[in-house]
Amino acid sequence: MSASRIGRIVAAALGLLIAGRAGPVAAEPAPGPPAGPAAEARAPTGDPVQWVRTLQLLQDRVAAGSLAAHESQPLLIARINADLLAVPPEIWGRRNNLRSAITFALSGGGPAVLRRLTAQDGLGEPEATLARGALAYVEGREAEARRLLQDVDTTDLPPTLAGAVGLTQASLAVADQPVRAIALLDRVRVLLPGTLTEEGALRREIFTLGQIGDLKKFEALAIQYLRRFPHSVYAGNFRHRLAYQLTQLDIGRDEERFATLNRILSELRPESRRDLYLLVAQTAIQAGRTAAALRASEKALALCIPGSAEATRGQLYRAAAEIVSLATFQSGLRTLRSLDRAKLTARDLLLLETALSTAEAIGRGLAGRPGLPEADGVPKPARAAPDPADGPASLIPKAQATIDRIDLMLSKATP
């Protein structure tokens, strides 16, 4: 099917939704009379295969970055769901229609149609098992869904149904069998290139690879995602999760690991690269990974305009990491005190306050101790018998523990 034809189909789907016209969207809608009471009473045109195909075309536009398609998706799903429930029973005697209903349910369509179908006799196999398994999955009965679907061979299924079932099988396997989930997602990606199904499979596989620590394939697929789906509606969420996963992989531990981040981010334009370095630095601070925070903030600052809000963020993350080391404590505290608060978000202001509080507590503990840096302007505590548990060596782990708790504090802040 040509790109122009696909565009016309999707445009027609959106046009019908916006106009509020009755009836499902067929693959090639024919001109008809204006919508009105008579149109509302008309029987649905087309068939389940066409309706579900239209939904998939709309979803593929989501992968390409269309916010209009993303916002229209619930409306189209509701329309198709209503029409599937309204078709005469003999429609379900055709295998392709039955398979489309299963695909629809696994593509966000909900359980209503499958509840009706699984109450009937004579569905045949493998459709009967697939329908029961899909219904269990969308209703949250994972143990039953796993029992019914885990051994289903999707080789002989149409690609769209095979992709939907493969994604479901991978979701059910990822917690206990991540290697199997990766193999399933590999097959889904090959089956449906350029679709939202491929985009979703790629995202899930990347984070499953992070879960098992396969850094090499993680890097390769992350680069592939950024090349193939840079404008996906889900790309922003992907980048946040990518920053978190990179932090969990301890990419700041050495130059070789940090080079992985650099290679992944080299796929982005300078501004996007800067923003993702900042996000990695912020996430690393929240996770207590100070080496990663220092490396990422330095990379970000090299891409920032001096005095900009982005530069202020980079300085904040670098300084917050510096205060947990005796060697950089003073410079970190000076930077924290000098930051322009007007250039920080509410989230980063909370981080700044927490970092200042932590730094000043460390400074009071260090005050007057021979050979150790003192925080300028921090009142020295009254002399008392030293507590072995409160010595300089314990201050840095305490500061690190405080930074580990920043994530919880930040989650309560206004974004």
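See the structure shown above.
Predicted model, so just to flag it, every value in this text is computed and none were measured.

Cut-offs and rules
Residues numbered from 1 in each chain as written. Predicted model: local features only at pLDDT ≥ 70, side-chain atom pairs only at ≥ 80, totals over all residues. Heavy atoms only, no water. Axes fitted to C-alpha atoms, helices over the stretch in contact; angles between N-to-C directions. Helix = DSSP H or I, 4+ residues; strand = E, 2+ residues; numbered from the N terminus. Parallel < 35°, antiparallel > 145°, perpendicular 65-115°, else oblique. Left-handed = near helix turned anticlockwise from the far one by under 90°. Contact = heavy atoms within 4.5 Å. Buried < 20%, exposed > 50% of the residue type's maximum accessible area, 1.4 Å probe, protein only. Arc of directions from axis to C-beta. Phe/Tyr/Trp six-rings, centres within 6.5 Å; stacked < 30°, edge-to-face > 60°. Lys NZ or Arg CZ within 6 Å of the ring centre and 35° of its normal. Core = buried A, V, L, I, M, F, W, Y, C linked by side-chain atoms within 4.5 Å.

Structural notes on the packing of helix 16 (residues 290-302) against helix 17 (residues 309-322)
For the pair helix 16 and helix 17, the least separation of the axes is 9 Å and the interaxial angle reads 155°. Relative to helix 17, helix 16 is oriented roughly antiparallel. Crossing geometry of helix 16 relative to helix 17 is assigned as left-handed. Each of T290, A293, L294, S297, E298 and L301 in helix 16 lies in contact with helix 17, whose residues at this interface are A311, G314, Q315, Y317, R318, A321 and E322.

Things to note about helix 8 (residues 142-149)
Of the positions making up helix 8, those classed as buried are A145, L148 and L149. When helix 8 is viewed along its axis, its buried side chains cluster within an angular range of 80° and face the same direction. Away from its buried face, by an angle of more than 90 degrees, helix 8 presents the exposed residues A143 and R147. Looking at the buried residues of helix 8, the elements they touch are helix 7 (127-138) and helix 9 (159-173).

With respect to the packing of aromatic side chains
Taken as a whole, this structure holds three aromatic pairs when the rule is applied. Each ring, one from F207 and one from F238, has its centre 5.5 Å from the other, and the planes form 50°; the classification is tilted. Residue F207 is located in helix 11 (residues 196-212), and its partner F238 is located in helix 13 (residues 235-248); the two are separated by 31 residues in the primary sequence. Note on F207: relative accessible area 7%, which makes it buried. On the basis of relative accessible area, F238 is assigned to the buried category, the value being 0%. Grouped by ring-pair contacts, the aromatic residues F207, Y225, F229 and F238 constitute a single cluster. A cation over an aromatic ring shows up here: R295 above the ring of F258, its NZ or CZ 5.8 Å from the ring centre.

Re the nonpolar core
Counting 95 residues, the largest nonpolar core has F218, L242, I264 and L336 as the members making the most contacts within it. It is helix 15 (residues 270-286) that contributes the most residues to this core, eight residues altogether. If near-sequence neighbours (up to four positions away) are discounted, L242 is found in contact with F207, F218, A222, I264 and L276.

A closer look at unusual backbone geometry
A cis geometry characterises the amide bond from E125 onward to P126, with omega recorded as 5°. As for its position among the elements, P126 is in the loop between helix 6 (112-118) and helix 7. Located in the positive-phi region is D250, a residue other than glycine, with phi close to 55°. Relative to the helices and strands, D250 resides in the loop between helix 13 and helix 14 (255-265).

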